[in-house]
Amino acid sequence: MIKIITIEREYGSGGGEIAQLLAKELDWKLWDQLLTEEIARLADCPKAVVEVREERTDPLYYRLFKSFLRGSYEGSLNAHKLKLVDSECILKFTESVVQEAAKTGNSVIVGRGAQHFLKNRQDTLRVFLYAPREDKLRRLLGRGKSEKEAEQLVDTVDRERADFIEKYFRVLWPDRAIYHTMINTAIGDEVVVSMILDFMKTLDAKPSRRAG
């Protein structure tokens, strides 16, 4: 039986909204903002700090600063006081939260590399959502973004996600072979949710499936 659905998505494709609709339809727990909040709690830092670091590699200035601290005796003594939260730290906490959510089951998990953490679980349905550029821009404009901001976000966020996946999981993003299905969200959010639910029922009907 499928107990977990991971939703990886292109930025602006509506992955968050679709995951929310899906979780509501299934009456499952949604791990999106909740995942960020739990990582922040474990890291003992503000949620905003995690939001600007998750699904990204550390910028050059941050990597240089960490190298300085590691190479400095005085810096290493005081590093813990600064509560540095880098991408590797967030990744460690993310895996912990994702695995715990998977143990509990009945969870829809959005992004954060969850598809890779759970790739060997047979009770997990891994979905990738994408959309044409014009659809993504239209969706972002509908959220109140300016045209310039929407274009910049569409052009940069997925590049950052790709860098993150390549660095920490050593695969190109999107790693097509890891997903059970890839869906173009231009067909409409409700239709996408129906497709995922139908696919889930089909997989659940297979007699050879066993929980991982």
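Summary of the structure given here. Note that the structure is a prediction, hence the values are computed from the model and not measured. (Residues numbered from 1 in each chain as written. Predicted model: local features only at pLDDT ≥ 70, side-chain atom pairs only at ≥ 80, totals over all residues. Heavy atoms only, no water.)

Considerations on unusual backbone geometry
Next up, step 1: The omega angle of the peptide bond from Trp173 to Pro174 is -5°, so this bond is cis rather than trans.
Next up, step 2: Relative to the helices and strands, Pro174 resides in the loop between α9 (147-169) and β5 (181-184).
Next up, step 3: For Asp27, which is not glycine, the phi dihedral falls at a positive 60°.
Next up, step 4: Mapped onto the fold, Asp27 is located in the loop between α1 (15-26) and β2 (29-31).
Next up, step 5: Judged by relative accessible area, which is 69%, Asp27 ranks as exposed. (Helix = DSSP H or I, 4+ residues; strand = E, 2+ residues; numbered from the N terminus. Buried < 20%, exposed > 50% of the residue type's maximum accessible area, 1.4 Å probe, protein only.)

Considering the packing of aromatic side chains
Next up, step 1: As enumerated under the stated definition, the model contains five aromatic pairs in all.
Next up, step 2: Their ring planes at 70° and their centres at 5.5 Å tell us that Phe128 and Trp173 sit as a pair that is edge-to-face. Here the residue Phe128 occupies a position in strand β4 (residues 124-130), and Trp173 occupies one in the loop between α9 and β5, the gap between them amounting to 45 residues.
Next up, step 3: Judged by its relative accessible area of 1%, Phe128 is buried.
Next up, step 4: For the pair Phe164 and Phe169, a centre-to-centre distance of 6.1 Å together with 75° between the ring planes defines the contact as edge-to-face.
Next up, step 5: With a relative accessible area of 4%, Phe164 lands in the buried category. (Phe/Tyr/Trp six-rings, centres within 6.5 Å; stacked < 30°, edge-to-face > 60°.)

Section: helix α6 (residues 87-104)
Next up, step 1: With 18 residues, α6 ought to run about 26 Å at 1.5 Å a step, and its terminal C-alpha atoms sit 26 Å apart, in line with that.
Next up, step 2: Along α6, the positions that sit buried rather than exposed are Ser87, Cys89, Ile90, Leu91, Phe93, Thr94, Val97, Val98, Ala101 and Ala102.
Next up, step 3: Remark: Gly105 follows α6 within two positions and exhibits a positive phi of approximately 80°. (Expected span 1.5 Å × (residues − 1).)

Details of the packing of helix α8 (residues 133-142) against α9
Next up, step 1: Their axes nearest at 9 Å, the elements α8 and α9 cross at an angle of 125°. Compared by their axis directions, α8 and α9 come out oblique. In this structure, the crossing between α8 and α9 has a hand that is right-handed. In this structure, α8 contributes Arg133, Lys136, Leu137, Leu140 and Leu141 to the contact, and α9 contributes Glu147, Ala150, Glu151, Val154, Asp155 and Asp158. (Axes fitted to C-alpha atoms, helices over the stretch in contact; angles between N-to-C directions. Parallel < 35°, antiparallel > 145°, perpendicular 65-115°, else oblique. Left-handed = near helix turned anticlockwise from the far one by under 90°. Contact = heavy atoms within 4.5 Å.)

A short note on the state of the cysteines
Next up, step 1: Following the criterion strictly, the structure yields zero disulfides and no others.
Next up, step 2: Considering cysteine sulfurs only, Cys89 is the nearest to Cys45, which forms no disulfide, with 7.4 Å between them. (Disulfide = S-S within 2.5 Å.)

Notes on the pairing of strand β1 (residues 4-9)
Sheet faces and side chains relate simply in a regular strand, where the side chains alternate between the two faces.
Next up, step 1: With respect to burial, β1 is a largely interior element, six of its six residues being buried.
Next up, step 2: With burial as the criterion, each face of β1 is covered, one bearing Ile4, Thr6 and Glu8 and the other bearing Ile5, Ile7 and Arg9.
Next up, step 3: The sheet contact formed by β1 and strand β3 (residues 107-110) spans four bridges and is parallel. Residue pairing across strands places Ile7 opposite Val110, the latter belonging to β3.
Next up, step 4: Sheet topology places β1 next to β4; six bridges connect them, and they run parallel. Opposite Glu8, over in β4, you have Phe128 as the bridge partner. (Pairing = 2+ DSSP bridges.)

Quick look at the pairing of β4
Next up, step 1: With respect to burial, β4 is a largely interior element, six of its seven residues being buried.
Next up, step 2: Where β4 meets β5, four bridges bridge the pair, whose relative direction is parallel. Its bridge partner lying in β5, Leu129 is registered against Ile183.

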